[in-house]
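Chain by chain, the residues run as shown.
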Amino acid sequence: MNNKPILLIEDNPDDEALTLRALKKNNISNEVMVAHDGAEAIEFLHGNGNPLPAIVLLDLKLPKVDGMEVLRCVRAESRTCLLPVVILTTSKEEQDLIHGYQLGANSYVRKPVDFAQFTEAVRQLGLYWLVLNESPPTPQA
């Protein structure tokens, strides 16, 4: 399994706890770094010395800088442009889905309300992105 950290960008403490619990329940042992707003996420991703995560789990409705702008910033920088970004959101707006893919999201997952379904969704995300997926080499800064 990929041992790089996971970056969870989530402002809702309940959704953060639910995601962390689902990762733990599925024995995904990667360190999880949490950014609680879009500005914090951008600062982390573009900060010198911070390791690039194996995957970014991105909520859309964030304070300071929304998730779409975070995605735009990720794709605009050579250091982060190839990072796998999974939009993990409660949004049912078709326009969010379309816009997310237009900006370069690798996947768009609606958070199920039921914990068992959410846990299964996280298991499948972990299996695919951390075990099966072949990531490109880390770009040199």
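Each value, and the rule that gives it
Residues numbered from 1 in each chain as written. Predicted model: local features only at pLDDT ≥ 70, side-chain atom pairs only at ≥ 80, totals over all residues. Heavy atoms only, no water. Core = buried A, V, L, I, M, F, W, Y, C linked by side-chain atoms within 4.5 Å. Buried < 20%, exposed > 50% of the residue type's maximum accessible area, 1.4 Å probe, protein only. Helix = DSSP H or I, 4+ residues; strand = E, 2+ residues; numbered from the N terminus. Contact = heavy atoms within 4.5 Å. Pairing = 2+ DSSP bridges. Axes fitted to C-alpha atoms, helices over the stretch in contact; angles between N-to-C directions.

Trainee: Before we move on, could you go through the nonpolar core and cite the residues and values that matter?
Mentor: Membership of the largest hydrophobic core comes to 25 residues, with the highest contact counts inside it found for Leu-7, Ile-9, Val-56, Leu-58 and Val-70. The greatest single-element share of this core, amounting to 5 residues, is contributed by helix α3 (residues 67-76). Those residues in contact with Leu-58 that sit more than four places away from it in its chain are Ile-9, Gly-67, Val-70, Leu-71, Val-85, Val-86, Ile-87 and Leu-88. Judged by nonpolar contacts, the second largest core, of 16 residues, contains Ile-6, Leu-8, Leu-57 and Phe-118.

Trainee: Please provide a residue-by-residue account of the environment of Gly-49, values included.
Mentor: On the secondary structure map, Gly-49 appears in the loop between α2 (38-46) and β3 (55-58). Assessed through its relative accessible area of 75%, Gly-49 is described here as exposed. Along the backbone, Gly-49 and Cys-81 are 32 residues apart, and their C-alpha atoms lie at a distance of 17 Å.

Trainee: An account of the sheet that holds strand β1 (residues 6-9) is requested, with residue identities and associated values reported.
Mentor: Taking strand neighbours across the sheet as the criterion, the 5 strands line up as β2-β1-β3-β4-β5 in an open arrangement whose pairing is parallel. With one partner strand each, in any of the chains shown, β2 (32-35) and β5 (107-110) form the two edges of the open sheet. Looking at each pair of strands side by side, their axes are set apart by 20° on average, direction ignored. Strand contacts of α2: β1, β2 and β3, with the helix running at about 130° to β2, the strand carrying the most contacts. α3 contacts β1, β3 and β4 (85-89) of the sheet and is inclined by roughly 175° relative to β4.

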